[in-house]
Amino acid sequence: MALVVPSLPATASSAAGAVAWAPCQEDPTAECGTLSVPVDWSRPGGEKFELALARRTATDPAARTGSLVINPGGPGGSGVDAVLKNWLGFSPEITRRFDVVGFDPRGVRRSNPILCSLELAVQAPDPLSLKSQADFDALLAFNERYRQDCRSRTGPLFDHADTGSVVRDLDALRAALGEDKLTYYGVSYGTLIGQLYAERFPRRVRALALDSNMDHSLGTAAFLESQALTVQDSFDEFVAWCAETASCALHDRDVRALWHELLARAERGELHLPGSPEVTLSRFDLIGQAFGAFYGPAYKELAEFLAALESGGQTARAFLTPPSALAENVINDPTQVFCQDYLLPIRDYRDFARHMRRSAAVAPDMLLSAAAHPITFACLGTRGPIPNPQHRLRVDHTPTLLLGNALHDPATGYPWAVGAARQIGREARLLTYEGWGHGIYGRGDCPTAAFDGYLTSLTVPAKGARCPAVPPAELSTLKARPIPGPVPGLPGWTPATP
């Protein structure tokens, strides 16, 4: 099934190892192109697909350092959209010195997207509704049916969507751009791409800036528990902010009590999306809305949203919107990328219930992560071995890599960054942002200057460097930080417009 995306020029095609750039149809101020790469890197002479690209060239050609390749996360974030829409908000110093190049990783948007039935996706079992072995068996059966639907729509690339293959694509892109060594910025799931690139191509690295880090060494229990802990921490920070901030719509209220009242209403089927009374929110949907708000963090807007849910108001901003099809009732669901990167088995309902109890114990308000838990459950039934299984990073002979993370990140918790830095060892330098939200670049002068100095001049922050927090109320004056692409674990639900 073909998916037509107008931002690519009709003439943009490439032979292996070359990119033909042309003005993008969606935004002629940027250039778009494609790079032909193998579907299966173990068979480089076999079937190929076109990797979609976009770039904005350096604004000061005389000062140009080279190409900066970027990835906005996900899995499922579009680097092409990140360039066209300036999602990452790079400073004038970065855009002056670099051609900023984004790519849609394999399986995403314009790069042989993983296509799945929207009608089937919205039937996915709610992870909070499973009560028995029969429910667990039904989840496994659904997962298999959904996988087969996606595989039949997508073609051979469905089974080659892992991040290890993305790393091979990235190295081909580096060569096609004429760069001897890679300069890269990745945020969230994009850090896994950078980490594995450093591991597999250490002598081809110039600078890797990794913002809000994954830890690819974790098994099932550690992965789910760490994710529950970090999203509960974000909820706790929101509650504390409301208690201290008079402008919070729930100031002087018992926010936790209201939250649990809303969860109870959702469980009874009595909670509706403000402004869309036809949309009923489950407990998991409600948790997902809060999770989306924590990315900003959009504390003020979240408080207003919860107040509107309580009163039946119609004007509050939602953070995720109901699913919509790309074309012909089809969505691009990148869940399979995660399933080929993480093997997180759960044996049966008893094992499932144990993980859920442990998550609820460490996250008594949030209960689970709206990303980690459902995407893990969506991968149940995946048969090993997988192409890119978890392991501790083994990085040697690279320049220093810059890792950055917020202390209060709802998605990639600070312990993940600490763990990744320890695994990398002496080649890693960790920058700590003492604030909130997902992605630290652009959160005030300190982290931005640190990343800019590293990317432009290879200047590394001092060991133990920390950046002060920007108060949540002031973040609205900085760049918006949308959640790129479909939200993992929430098939089809997409970020609302900031």
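Residues numbered from 1 in each chain as written. Predicted model: local features only at pLDDT ≥ 70, side-chain atom pairs only at ≥ 80, totals over all residues. Heavy atoms only, no water.

Looking now at the overall build of the chain. If you tally the helices and strands in the chain, you get 15 helices and 16 strands. Here the chain has a C-alpha radius of gyration of 22 Å; the compact-globule value for 498 residues is 23 Å, and the two agree. Overall size of the chain, expressed as C-alpha extent along the three principal axes, is 60 × 50 × 40 Å. In the chain, which comprises 498 residues, the proportion classed as buried is 61%. In the chain, the proportion of contacts linking residues at least 24 apart, taken out of those at least 6 apart, comes to 75%. Counting every atom, the chain has about 18700 Å² of accessible surface; 52% of that belongs to carbon and sulfur. In the chain, 46 side chains carry a positive charge and 54 a negative one; their mean positions are 6 Å apart. (Helix = DSSP H or I, 4+ residues; strand = E, 2+ residues; numbered from the N terminus. Rg over C-alpha atoms; globule rule 2.2 N^0.38 Å. Buried < 20%, exposed > 50% of the residue type's maximum accessible area, 1.4 Å probe, protein only. Contact = heavy atoms within 4.5 Å. Areas by Shrake-Rupley, 256 points an atom, 1.4 Å probe, with all protein chains shown as cover. Lys, Arg positive; Asp, Glu negative; His and termini not counted. Charge placed at Lys NZ, Arg CZ, Asp CG, Glu CD.)

Within the secondary structure, S188 is located in the loop between strand 7 (182-187) and helix 6 (189-200). The class for S188 is buried, based on a relative accessible area of 8%. When residues no more than four places from it in sequence are discounted, the contact partners of S188 are G73, D211, S212, M214, T412 and H438.

This paragraph deals with empty space enclosed by the protein. By rolling a water-sized probe across the atoms, one finds the places where empty space is left. Per the stated rule, a full pass over the model turns up three cavities of 30 Å³ or more. For the second largest cavity, the lining is made up of 15 residues, of which P75, G76, P105, Y189 and V337 are closest to its centre. Of all the elements in the fold, those that place two or more residues in the lining of the second largest cavity are helix 5 (163-176) and helix 6. Here the residues of the lining of the second largest cavity sort into nine nonpolar, five polar and one charged. (1 Å grid on protein atoms, 1.4 Å probe; cavity = no way out; pocket = protein on both sides within 12 Å on 5 of 7 lines; lining within 4 Å. Points joined across faces, edges and corners; volume = space filled by probe spheres on them. Nonpolar A, V, L, I, M, F, W, Y, C, P; charged D, E, K, R; others polar.)

Take L210: it is sitting in strand 8 (residues 205-211). Taking the C-alpha atoms as reference, L210 lies 21 Å from K85; in sequence the two are 125 residues apart. Not counting chain neighbours up to four residues away, the residues in contact with L210 comprise Y184, G186, T191, G194, Q195, L402, L403, G404 and F451.

Our next topic: the state of the cysteines. By the definition in use, this model includes five disulfides. Two residues share a disulfide in this structure: C242 and C248, whose sulfurs sit 2.0 Å from each other. Taking the sign of the S-S torsion, about 55° here, the bridge from C242 to C248 comes out right-handed. Classification of C248 by relative accessible area gives buried; the value is 4%. Put simply, C446 and C467 are joined by a disulfide, and their sulfur atoms are 2.0 Å apart. (Disulfide = S-S within 2.5 Å.)

Next up on the list: the pairing of strand 3 (residues 48-56). Extensive coverage of strand 3 is indicated by the burial of seven of its nine residues. Pairing between strand 2 (residues 31-38) and strand 3: eight bridges, direction antiparallel. Looking across to strand 3, one finds that E31 is bridged to R55. The sheet contact formed by strand 3 and strand 5 (residues 98-103) spans four bridges and is antiparallel. Paired with L53 across the strands is F103, a residue of strand 5. (Pairing = 2+ DSSP bridges.)

Turning our eyes to something else, we now look at the packing of aromatic side chains. Enumeration according to the criterion identifies 21 aromatic pairs in this entry. With a centroid separation of 4.7 Å and an interplanar angle of 10°, the aromatic rings of F338 and Y342 are classed as stacked. Judged by its relative accessible area of 3%, F338 falls in the buried class. Judged by centre distance (4.8 Å) and plane angle (50°), the ring pair of F352 and F377 falls under tilted. Here F377 lies in helix 13 (residues 372-378) and F352 lies in helix 12 (residues 349-362), a separation of 25 residues in the sequence. Residues F352 and F377 agree in their burial class; the two are buried. An aromatic cluster is defined as three or more aromatic residues linked by ring pairs; in this entry it consists of F235, F238, W241, W259, F294 and Y299. (Phe/Tyr/Trp six-rings, centres within 6.5 Å; stacked < 30°, edge-to-face > 60°.)

On to the nonpolar core, then. Judged by nonpolar contacts, the single largest core of 158 residues is most densely connected at Y185 and L306. Here this core takes nine residues from helix 7 (residues 220-244), the largest share from any one element. Once residues lying within four places of it in the same chain are set aside, the contact partners of Y185 are L68, V69, I70, N71, L88, F90, A209, D211, Y441 and F451. (Core = buried A, V, L, I, M, F, W, Y, C linked by side-chain atoms within 4.5 Å.)

Oppositely charged side chains can pair when the atoms bearing their charge come close. On inspection of all chains with the given rule, the structure shows 28 salt bridges. Ionic pairing is found between D99 and R64, a salt bridge with its closest N-O pair at 2.9 Å. Here D99, found in strand 5, pairs with R64, found in the loop between strand 3 and strand 4 (66-71); they are 35 residues apart in sequence, far enough to count as distant. Residue R64 is classed as partly exposed on the basis of its relative accessible area, which comes to 38%. Its salt-bridge partner being D171, residue R174 comes within 2.8 Å of it at the nearest N-O pair. Taken as a pair, R174 and D171 lie in helix 5 at a separation of three residues, close to a single helical turn. In terms of burial, R174 and D171 fall into one category: buried. Within this structure, D60, E93, R96 and R97 form a network of salt bridges that share partners. (Salt bridge = Lys/Arg side-chain N within 4 Å of Asp/Glu carboxyl O.)

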